[in-house]
Amino acid sequence: MEIRPTTDRDLDVFVDTVHAAFGRFPETPIEGGGLWWSALEMDRCLLALTADGRPVGTAATHAFELTLPGETLVPAPGVTAVGVLPSHRRQGVLSAMMRHQLTELRARGEFLSVLLASEAPIYGRFGYGPATYTARLTVPRHQAALAVPRARGVVHAPAAGSDQGWGQGPDQGWDQGSNDGSVEVLRRAECGEILEDVYDRYRRAQPGALSRPHRWWALRAGQPPISPAPRYVAVHRDADGVPDGYASYSTESGTLTVDETIATDDAVFAALARFVLGHDLVSQVVFQHVPPGHPLRWQLADFRAGEVSGDMDWLWVRLLDVPRALTARGWFLDGELVLDIHDPFLGEHDRYLLTVQDSKADCVPTDRDPDLSLDISDLGSVYLGGTAPSTLVRAGHIRAHRPGAATLADALFRAERSPHCLHWF
Ligand SMILES: CC(C)(COP(=O)(O)OP(=O)(O)OC[C@H]1O[C@@H](n2cnc3c(N)ncnc32)[C@H](O)[C@@H]1OP(=O)(O)O)[C@@H](O)C(=O)NCCC(=O)NCCS
């Protein structure tokens, strides 16, 4: 078997092969996935070929930027279009492509890579660990009242089902004292530039978020609201009329589904949530992509009004250069830990002293006794602060060598807020 990089001339065969691996047809756009393949960069794709030249496997990366804790933006190849023809599975084709890809990424100087997994058991063996999580929150409209925020001196609690209607109107209710913005409903086709700009401002401050390169918006490659699927978009503007949030949504059979609510601060999020929860002629509102610990559940007057479902992993992280990765992210507490790290797929075993002082990290090889022994996939899971090291100790994956090591690791690795990614690729 040969694994080779592709060129523009391979686009059709690449797209055909990955569709065949997923049992789909290129001429039928994947529901919710739109024209995903139009964003492929053919100098970042791999084809696996049999000895007689037949393509049997595919893998690619997108050039994204990832926001680390501390609002640090770093390059993050996003692994995608991974597939092996049903006739050639369980013969090591994916393993060979993963080895080729990781070696190539390292040679290019990347220190981490990320992906979304179609099935959870696939990628751990290659050193990836789940690092961000997501869920759906369903709120019946008759229970949609928002609570009065105790800390903000709010003067008015919005009623469930209040009618905002179409067109512009001042925000009433949530944090009336400080948020006198407005919400306007536009069609998706009218507001692409607004979405692109607001998303970009949002993702720079959100740990775990990925950039959405301009070509994705221009080509409408991806899930709504990037894709050409018809959508309404509630655009929130600040008091000066500058867009600072949006909720992309559609309604069907009495359910209003919000693809994503993007807000540059929590008050804007609440204003958008209040807007969609007040929509007439729907019996429930489904918020896609609400991360664990999101304030929305607390903002509902009835804490049980929101039903959480579809709780799952989203972004998986693979570290390729531990010292560079650990010194790149922001840290919020001083301390030191000795990490003994196994990387079975790449056949590596290293021990590092991680020292954080004045919020700056240093990470150097050491022969000191370890505080924690862990697999590279576990380090990927805790890296963005979305998985507590102590959870993985309790699960039997990470070994803590002294009392207090897991508690210190929890405090050290925590991010300024729960990491979250909602970009699909
Ligand atoms: C997932 C997929 C790419 C795996 O390719 P493959 O060539 O069969 O994988 P390999 O032969 O290299 O498998 C390596 C190991 O992973 C395991 N593995 C692979 N796919 C697995 C899966 N879906 N579930 C559980 N284990 C899996 C294999 O059993 C093997 O284990 P072993 O080393 O203990 O024998 C292939 O099944 C596929 O194309 N599936 C449909 C499309 C898809 O889901 N792509 C992933 C998108 S994120």
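Residues numbered from 1 in each chain as written. Predicted model: local features only at pLDDT ≥ 70, side-chain atom pairs only at ≥ 80, totals over all residues. Heavy atoms only, no water.

Draft legend 1. Structural context of the overall build of the chain. Across its full length, the chain carries 10 helices and 20 strands. Here the C-alpha atoms of the chain give a radius of gyration of 23 Å, agreeing with the 22 Å that 2.2 N^0.38 yields for 425 residues. For the chain, the share of sequence-separated contacts (at least 6 apart) that also reach a separation of at least 24 residues comes to 71%. By element, 50% of the accessible surface of the chain is carried by carbon and sulfur atoms, the whole surface being about 18,700 Å². (Helix = DSSP H or I, 4+ residues; strand = E, 2+ residues; numbered from the N terminus. Rg over C-alpha atoms; globule rule 2.2 N^0.38 Å. Contact = heavy atoms within 4.5 Å. Areas by Shrake-Rupley, 256 points an atom, 1.4 Å probe, with all protein chains shown as cover.)

Draft legend 2. Quick look at the sheet that holds strand S20 (residues 399-400). Strand order in the open sheet formed by five strands is S18-S17-S16-S19-S20, and the pairing between neighbours is mixed. Lying at the two open borders of the sheet, with one neighbouring strand each, are strand S18 (360-365) and S20. Inspection of the sheet shows strand S16 (residues 335-343) paired to strand S19 (residues 372-375) by four bridges, in the parallel sense. Across the sheet, the residue bridging to His342 is Asp375, located in S19. (Pairing = 2+ DSSP bridges.)

Draft legend 3. Structural context of the domain arrangement of the chain. The assigned domain composition of the chain is domain 1 (2-110), domain 2 (134-311) and domain 3 (331-413). Each partner contributes residues to the interface: domain 1 has 10 residues there, and domain 3 has six residues. The junction of domain 1 with domain 3 conceals about 710 Å² of combined surface from both sides, 66% of it contributed by carbon and sulfur atoms. In this assembly, domain 1 and domain 3 are joined by one salt bridge. One salt bridge in this structure joins Arg106 and Glu348, with 2.8 Å as the shortest N-O distance. Between the two partners, domain 1 and domain 3, sit two residue pairs in polar contact (both at pLDDT 80 or more). Of all the elements, helix H2 (residues 93-107) adds the most residues to the side of domain 1 that touches domain 3, at five residues. Here the side of domain 1 that touches domain 3 is built from residues that sort into five nonpolar, three polar and two charged. (Domains from an automatic or database assignment. Buried area = accessible area lost by both parts, 1.4 Å probe. Salt bridge = Lys/Arg side-chain N within 4 Å of Asp/Glu carboxyl O. Polar contact = N/O pair within 3.5 Å; in protein donor to acceptor, adjacent residues only side chain to side chain. Nonpolar A, V, L, I, M, F, W, Y, C, P; charged D, E, K, R; others polar.)

Draft legend 4. Focus on unusual backbone geometry. Pro225 follows Pro224 through a cis peptide bond whose omega is 10°. Take Pro225: it is sitting in the loop between helix H4 (214-219) and strand S10 (232-237). With phi around 50°, Ser253 is a residue other than glycine that occupies positive phi space. Along the chain, the position of Ser253 falls in the loop between strand S11 (243-252) and strand S12 (255-263).

Draft legend 5. How the structure looks around the pairing of strand S2 (residues 45-49). Of all five residues that make up S2, five are buried, and the element is covered over most of its length. Of the two faces of S2, the one lined by Cys45, Leu47 and Leu49 and the one lined by Leu46 and Ala48 are each fully buried. The pairing of strand S1 (residues 2-5) with S2 spans four bridges and is classified as antiparallel. Counted as the bridge partner of Glu2 is Leu49 from S2. In the sheet, S2 pairs with strand S3 (residues 55-68) via five bridges, with the strands oriented antiparallel. (Buried < 20%, exposed > 50% of the residue type's maximum accessible area, 1.4 Å probe, protein only.)

Draft legend 6. Examining the site of the ligand more closely. Close contacts around the ligand come from 19 residues, with Val84, Arg90, Gly92, Ser95 and Ser118 the closest. Within the backbone of Gln91, one N or O atom sits 3.3 Å away from an oxygen atom of the ligand. A total of 890 Å² of accessible area belongs to the ligand in isolation, and the protein chains cover 74% of it. Going through the elements one at a time, helix H1 (11-22), strand S4 (72-84) and H2 are the ones with two or more residues in the shell around the ligand. Tallied by class, residues from the shell around the ligand come to 10 nonpolar, five polar and four charged. (Near = heavy atom within 4 Å.)

Draft legend 7. Expanded view of the nonpolar core. By size, the foremost hydrophobic cluster in this structure holds 60 residues, and its most contacted members are Leu66, Tyr383 and Phe413. A per-element tally of this core places helix H3 (residues 192-205) first, with five residues. Counting 26 residues, the second-largest nonpolar core is a separate cluster that includes Val185, Leu256, Val268 and Leu300. (Core = buried A, V, L, I, M, F, W, Y, C linked by side-chain atoms within 4.5 Å.)

Draft legend 8. Representation of the pairing of strand S13 (residues 284-287) within the structure. As defined by bridge partners, strand S7 (residues 133-140) adjoins S13 across four bridges and the pair is classed as antiparallel. Bridging across to S13, Leu137 finds its partner in Phe287. Examined bridge by bridge, S12 and S13 share four bridges and lie parallel to one another. Residue Thr257 lies in a different strand from S13, and its bridge partner there is Val286. Between the parallel elements S12 and S13, the chain passes through helix H5 (residues 266-277) in a crossover that is right-handed. (Right-handed = clockwise from strand over helix to strand, strands pointing away.)

Draft legend 9. Representation of the sheet that holds S4 in the model. Strand order in this open sheet of seven strands is S1-S2-S3-S4-S5-S15-S6, and the pairing throughout is mixed. The two strands at the open ends of the sheet, each matched to only one other strand, are S1 and strand S6 (129-130). The pairing of strand S5 (residues 112-115) with strand S15 (residues 316-319) spans four bridges and is classified as antiparallel. Across the sheet, the residue bridging to Leu112 is Leu319, located in S15. Taken strand by strand, H1 contacts S2, S3 and S4, and its axis lies near 95° from that of S3. (Axes fitted to C-alpha atoms, helices over the stretch in contact; angles between N-to-C directions.)

Draft legend 10. How the structure looks around helix H8 (residues 376-383). Counting buried positions along H8 yields eight of eight residues, so the element is predominantly enclosed. Those residues of H8 lying buried are Ile376, Ser377, Asp378, Leu379, Gly380, Ser381, Val382 and Tyr383. With its phi angle positive at about 85°, Gly385 sits one or two positions after the end of H8.

Draft legend 11. Expanded view of the environment of Glu260. Looking at the secondary structure, you find Glu260 in strand S12. Separated by 21 residues in the primary sequence, Glu260 and Ala239 place their C-alpha atoms 23 Å from one another. Apart from residues no more than four positions distant in its own chain, Glu260 is found in contact with Arg212, Pro224, Pro225, Tyr246, Ala247, Ser248 and Leu422. Within the structure, Glu260 has its side chain in polar contact with the side chain of Arg212 (distance 2.8 Å).

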